[in-house]
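Architecture and fold: a report
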Amino acid sequence: YVYLIQRDMFPQWAVDRGLLHKKSPLLLFLRYYEKLNYKIADWIGVQSEKNRIIFSDRFPHLRNVSVLMNWSAMSPPADKHRSDDIRVRFNLVNKVVFFYGGNTGYAQDMTNIMRLARNLRGYVKGHILIVGQGDEYKLINDLVVEWKLDNVTILPSVSQSEFLNFLGAVDVGLFSLSKKHTAHNFPGKILGYMSASLPILGSVNPGNDLLPLINEASAGYVYVNGEDTLLAEAALKLLESEKLRVNLGTRANSLLVEEFSVESAVMGIISKVNREV
């Protein structure tokens, strides 16, 4: 029994980013193997209802498609001493730290995060910490200089254990998706934020399921990429109220348990297998 788990809709995202032309021979080659994978699958799980609709529109002959949400185990707790050390080491003591952890590439549109930093520049208590590398790593470092952003710290990638310590040292989890996406990605970093009970602040492409999911669960604030004023206003709310950060972070953790646990994913797969046998 083959259960194919479809996460990033490759090669479509490469087309969305302009990395592959619609008439490219390479794209035709990749499309062939994409369809071959779907053909051998007994069931295909996509990560959101909007993706299921998009997928079914592209492949209407495939009837074996359902939603299988992303999942995460509850991460082990951060090392409190190491987390406190991070704040001291990077001059973040008494700061409200907005943390972006993960790939810093085209798909994330890191300029969006830097625009947020620019809008928060006058609020000395707030600081944006970026940990990760990717295609736009040089770009964001250049923007720090060009826009004179003294409220941003950028670090290269770290080990998983050290990443957990960073999660224990920060206050808000940041994410960004390019508005050019046609599929609706669910960044894995968000599950880490939820596990650490961090409120979530981010931007998505139009129509992305994440926006109503996070907002309706009161787990944070999510807007369409380009709604810079709304994003900055939400960041200021989080900056000014520790109580709000704690409440939204608690709800984010509850959302992880309810919707994105390993157990719920396993049960979803088993139910499909049982239906076929």
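These remarks concern the structure in this document.

Some words on the sheet that holds strand β4 (residues 96–101)
Within a beta sheet, neighbouring strands are joined by backbone hydrogen bonds and run either parallel or antiparallel to one another. The sheet built from six strands is open, its strands ordered β6-β5-β4-β7-β8-β9 with parallel pairing. With one partner strand each, in any of the chains shown, β6 (152–155) and β9 (220–224) form the two edges of the open sheet. The sheet shows a mean angle of 20° between the axes of neighbouring strands, direction not considered. Docked against the sheet, helix α5 (residues 110–119) engages β4, β5 (126–131), β6, β7 (172–176) and β8 (200–204), running at close to 160° with respect to β5.

Topic: helix α7 (residues 160–167)
One turn of the α-helix equals 3.6 residues, which is why residues spaced by three or four share an orientation. Most of α7 sits out of view: six of its eight residues are buried. Regarding α7, the residues found buried are E162, F163, L164, N165, F166 and L167. Summarising the contacts, the buried residues of α7 are in contact with α4 (80–89), β4, β5, β6 and α8 (189–195).

Quick notes on the sheet that holds strand β2 (residues 43–46)
Sheet architecture is open: three strands sit in the order β1-β2-β3, paired in parallel fashion. Here the strands that pair on one side only, and so sit at the sheet edges, are β1 (3–6) and β3 (65–67). Each adjacent strand pair in this sheet contributes to an overall mean axis angle of 30°, direction not counted. Bridge count for β1 against β2 is four bridges, and the pairing is parallel. Looking at β2, one finds that I5 is bridged to G45. This element, helix α3 (residues 49–58), spans β1, β2 and β3 of the sheet and lies at about 165° to β3.

Overview of the pattern of salt bridges
Using the criterion set out here, one finds 10 salt bridges in the structure. The residue E34 makes a salt bridge to R58 at a minimum N-O spacing of 3.5 Å. Residue E34 is found in helix α2 (residues 25–40), and its partner R58 is found in helix α3; the two are separated by 24 residues along the sequence. Notably, a salt bridge pairs D85 with R89, separated by 3.4 Å at the nearest N-O pair. Linking D85 with R89, this pair stays in helix α4, spanning four residues, or about one helical turn. Note on D85: relative accessible area 32%, which makes it partly exposed. Residues joined by salt bridges that share partners form a network here, namely R82, D85, R89 and E162.

Rules of the game
Residues numbered from 1 in each chain as written. Predicted model: local features only at pLDDT ≥ 70, side-chain atom pairs only at ≥ 80, totals over all residues. Heavy atoms only, no water. Pairing = 2+ DSSP bridges. Helix = DSSP H or I, 4+ residues; strand = E, 2+ residues; numbered from the N terminus. Axes fitted to C-alpha atoms, helices over the stretch in contact; angles between N-to-C directions. Contact = heavy atoms within 4.5 Å. Buried < 20%, exposed > 50% of the residue type's maximum accessible area, 1.4 Å probe, protein only. Salt bridge = Lys/Arg side-chain N within 4 Å of Asp/Glu carboxyl O.

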